Amino acid sequence: KLRALDPGLLVLPAHGFPFTGLHARLDQLADDHAQKLDALAGFLKAPRTAVDAFEVLFHRTIDEKEYGIATGEAVAHLNWLAARDKARRHQDATGADLWQAV
C-alpha cells in the first residue's frame with residue numbers, strides 16, 4: 001500500500017527526522033530485514049532464545065526501556081522464519097522458548 005503513494009511525499013516517521021524518498025526507504029527497510037533474517041537463520045544453528053537474537057538483530061546492548069519492544073521485534077523475526085519452515089520453536093526444561101534452524 002505504501003508503494004502506491006507518491007515517492008516524493010514528505011514522510012513524518014514515528015522516530016527520526018522527516019524525509020522524502022519513500023520508495024528508497026522502503027527498499028532500504030526490505031534489504032535490512034532480508035539481511036537480518038539471513039543472519040538470524042545462521043545464528044539459529046544452535047538453540048537460542050529471542051533475547052539471544054538481540055546481538056544479531058541490533059548489534060548493540062538493549063537497555064531496560066527498549067527491552068519489551070526489542071523482544072517483540074525479535075519474536076516477529078523468529079516467527080517469520082518459523083512460518084517459512086526455516087526455524088522451529090520448542091521449550092527447554094524450564095519452559096523457555098528456544099528457536100533453532102530447520
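This one's a predicted model, so the numbers in the text were calculated from it and none came from an experiment.

Cut-offs used in this document
Position labels on residues start from 1 in each chain and follow its written sequence. For a predicted model such as this one, the threshold for reporting local features is a pLDDT of at least 70, and the threshold for listing and counting side-chain atom pairs is 80 or more; totals across whole chains, interfaces and linings nevertheless cover every residue. Only heavy atoms go into the side-chain values, all of them from the structure, while hydrogens and water stay out. Numbering goes from the N terminus for both helices and strands, where a helix is a DSSP run of H or I of at least four residues and a strand is a run of E of at least two. In this treatment the radius of gyration is a C-alpha quantity, and the globule benchmark scales as 2.2 Å times the residue count to the 0.38 power. Buried means the residue's accessible area, taken with a 1.4 Å probe over protein chains only, is under 20% of the maximum for its type, while exposed means over 50%, and partly exposed covers the values in between. Any two residues whose heavy atoms approach within 4.5 Å at even a single point are treated as in contact. Throughout, the Shrake-Rupley method with a 1.4 Å probe supplies accessible areas, and for residues the shown protein chains are the sole cover considered. Helix axes use the C-alpha atoms of the stretch in contact, all axes being lines fitted to C-alpha atoms, and the angles between their N-to-C directions lie in the range 0 to 180 degrees. For classification, angles of less than 35 degrees are called roughly parallel, those exceeding 145 degrees roughly antiparallel, those between 65 and 115 degrees roughly perpendicular, and all remaining angles oblique. Charged means Asp, Glu, Lys or Arg here, nonpolar means Ala, Val, Leu, Ile, Met, Phe, Trp, Tyr, Cys or Pro, and polar covers whatever is left, Gly included. Throughout this description, the term nonpolar core refers to a set of buried Ala, Val, Leu, Ile, Met, Phe, Trp, Tyr and Cys residues connected via side-chain atoms within 4.5 Å.

Draft legend 1. Summary view of the overall build of the protein chain. When helices and strands are tallied, the protein chain shows 3 helices and 2 strands. Put simply, the protein chain runs from its N terminus to its C terminus through helices and strands in the order α-α-α-β-β. Radius of gyration (C-alpha) of the protein chain: 16 Å, far over the 13 Å computed for a compact globule of 102 residues. Principal-axis analysis of the C-alpha atoms places the extent of the protein chain at approximately 50 × 30 × 20 Å. A burial count over the protein chain gives 23% of its 102 residues as buried. Sequence separation of 24 or more characterises 34% of the internal contacts of the protein chain that already satisfy a separation of 6 or more. Working note: accessible area of the protein chain is about 7,100 Å², and carbon and sulfur atoms make up 56% of it.

Draft legend 2. The packing of helix H1 (residues 22-43) against helix H3 (residues 67-83), seen in detail. At a minimum axis separation of 10 Å, H1 and H3 run at an interaxial angle of 75°. With respect to H3, the axis of H1 lies roughly perpendicular. Between H1 and H3, the residues in contact are His33, Lys36, Leu37, Leu40 and Ala41 and Glu73, His77, Leu78, Trp80 and Leu81, respectively. Residues that form the contact of H1 with H3 fall into these classes: 6 nonpolar, 2 polar and 2 charged.

Draft legend 3. A look at the environment of Trp80. Relative to the assigned elements, Trp80 resides in helix H3. According to the relative accessible area criterion, Trp80 is partly exposed, its value standing at 33%. Put simply, Trp80 and Leu37 are 43 residues apart on the chain and 8.5 Å apart in space, counted from C-alpha to C-alpha.

Draft legend 4. The arrangement of the nonpolar core in detail. Counting residues in each nonpolar core, the largest one holds 17 residues, and the members touching the most others are Leu40 and Leu44. For this core, the elements supplying multiple residues, two or more each, are H1, helix H2 (54-58) and H3. Among all residues touching Leu44, those that are not within four sequence positions of it are Leu78, Leu81, Ala87, Trp99, Gln100 and Ala101.

The quantities given are spatial measurements derived from coordinates; they are silent on function.
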